[in-house]
Amino acid sequence: MSHPPTTEINAENKSAWNQLYASTPESIWGREPVGFLRRHLPAASVLPPGALLDAAAGEGRNLPPLLELGRPVTACDAAAAALAKIPAALRARVTILECDLAQLPLGDAQFAFILLSDVVETLPEPATVLTEMRRLLVPGGLLLVNIPGDDDGIAGIDMQPAPGHGWLYRGRYYYHFYGRAEAEALLAAAGLALVASEVSAWDEPPHPQFRPEPHAHRSRVLLARRPAG
Ligand SMILES: C[S@@+](CC[C@H](N)C(=O)[O-])C[C@H]1O[C@@H](n2cnc3c(N)ncnc32)[C@H](O)[C@@H]1O
């Protein structure tokens with residue numbers, strides 16, 4: 001059986017997210033940072049010189065803790081409708097960029113820290129994106145990423161098989177869940193060295209137009225470094 005190429009799935013997926021954000025003036029993800037962030041965010045003192053990137057920032061719920069590190073922050077996402085919902089007080093303090101994570105219009109080695117929050121499991125082409133994140137990190141820079149497995153509370157809920165691989169939540173939003181070995185191998189294949197890898201659990205309220213019930217997340221949280229040199 002032939003399947004649509006992942007680039008086609010990626011285009012449809014990005015469009016589905018943008019339509020979701022545009023479907024309501026409410027914030028889909030809320031204003032509290034994702035449940036693992038404050039516990040796993042590195043201190044500014046352990047970061048090399050450089051700016052910070054919230055990669056696929058959505059509506060910016062994770063920007064306040066990043067700004068507390070006292071470095072310039074860029075927020076990028078494919079969904080213009082999401083970026084438009086970042087509150088004015090935050091917009092004034094960050095650089096906002098509409099982007100595809102597979103290829104950002106930015107030079108090499110700009111960021112000391114990159115956050116990928118609730119993103120990798122939604123990407124049809126995660127290997128390309130992680131390689132791009134490595135390119136953007138300064139040598140010694142850190143990537144913080146969560147990658148959920150089949151034990152996440154949302155795995156298996158309203159998921160239909162996607163053509164080829166992965167799942168489509170509600171028939172629209174691409175998801176792929178990864179075991180520990182797969183998650184760590186994704187980072188290694190992108191040339192990133194694992195610093196820490198542990199499971200984190202947190203609860204989230206309903207997400208308007210997306211997930212009507214309060215739900216529990218369980219996800220592997222990984223910190224990885226772009227090796228020096
Ligand atoms: C589940 S949301 C998480 C948003 C945000 N990181 C957070 O934690 O609130 C996934 C985000 O990835 C974005 N996204 C999906 N594919 C993308 C791509 N190829 N390039 C850039 N953003 C993408 C979507 O627009 C969406 O905002």
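Further up the page is the structure itself.
Residues numbered from 1 in each chain as written. Predicted model: local features only at pLDDT ≥ 70, side-chain atom pairs only at ≥ 80, totals over all residues. Heavy atoms only, no water.

Chemist: Looking at this model, I keep getting lost on the nonpolar core. Mind explaining?
Modeler: As a rule of thumb, nonpolar side chains are buried together in soluble globular proteins. Judged by nonpolar contacts, the single largest core of 31 residues is most densely connected at Leu101, Ile114, Leu116, Met133 and Leu143. Breaking this core down by element, the ones donating at least two residues are β1 (51-55), β4 (111-116), α6 (126-136), β5 (137-147), α7 (180-189) and β10 (215-225). Contact partners of Leu101, with chain neighbours within four places excluded, come to Ala55, Ala56, Cys76, Leu116, Val119, Val129, Glu132 and Met133. Formed by 25 residues, the second largest nonpolar core is a distinct cluster that contains Leu37, Leu69, Leu142 and Trp202. (Core = buried A, V, L, I, M, F, W, Y, C linked by side-chain atoms within 4.5 Å. Buried < 20%, exposed > 50% of the residue type's maximum accessible area, 1.4 Å probe, protein only. Helix = DSSP H or I, 4+ residues; strand = E, 2+ residues; numbered from the N terminus. Contact = heavy atoms within 4.5 Å.)

Chemist: Explanation requested: the sheet that holds strand β7 (residues 167-169) in the structure shown.
Modeler: Strand pairing in a sheet takes place through backbone hydrogen bonds and is either antiparallel or parallel in direction. Read from one edge of the open sheet, 3 strands run β6-β7-β8, paired in antiparallel fashion. The outermost strands of the open sheet, each flanked by one partner alone, are β6 (159-161) and β8 (173-175). Neighbour-to-neighbour, the strand axes of the sheet open up by a mean angle of 40°, direction not taken into account. As judged from the 3 bridges shared by β6 and β7, these two strands associate in the antiparallel manner. Bridge pairing in β7 places Gln160 opposite Leu168. (Pairing = 2+ DSSP bridges. Axes fitted to C-alpha atoms, helices over the stretch in contact; angles between N-to-C directions.)

Chemist: How should the site of the ligand be read in this particular structure?
Modeler: Around the ligand there are 20 residues in total, and Tyr21, Ala56, Arg61, Asp77 and Ser117 lie nearest to it. At 2.6 Å from an oxygen atom of the ligand is found a side-chain nitrogen or oxygen belonging to Ser117. Across the complex, the protein chains shield 99% of the 600 Å² of accessible surface that the ligand would expose by itself. Of all the cavities here, the one that holds the ligand is the largest cavity. (Near = heavy atom within 4 Å. Polar contact = N/O pair within 3.5 Å; in protein donor to acceptor, adjacent residues only side chain to side chain. Areas by Shrake-Rupley, 256 points an atom, 1.4 Å probe, with all protein chains shown as cover. 1 Å grid on protein atoms, 1.4 Å probe; cavity = no way out; pocket = protein on both sides within 12 Å on 5 of 7 lines; lining within 4 Å. Sits in = over half its atoms within 2 Å of the grid points.)

Chemist: It is not clear to me how the sheet that holds β1 should be interpreted in this structure. Could you clarify?
Modeler: A sheet is described by the order of its strands in space; here 7 strands give the open sequence β3-β2-β1-β4-β5-β10-β9, paired in mixed fashion. The strands lining the two open edges of the sheet, one partner per strand, are β3 (95-98) and β9 (193-204). The mean angle between the axes of side-by-side strands here comes to 20°, regardless of whether they run parallel or antiparallel. Sitting on the sheet, α6 is in contact with β1, β4 and β5, with an inclination near 145° to β5. Against the sheet, α7 makes contact with β5, β9 and β10, and its axis sits at roughly 35° relative to β10, the strand it touches most.

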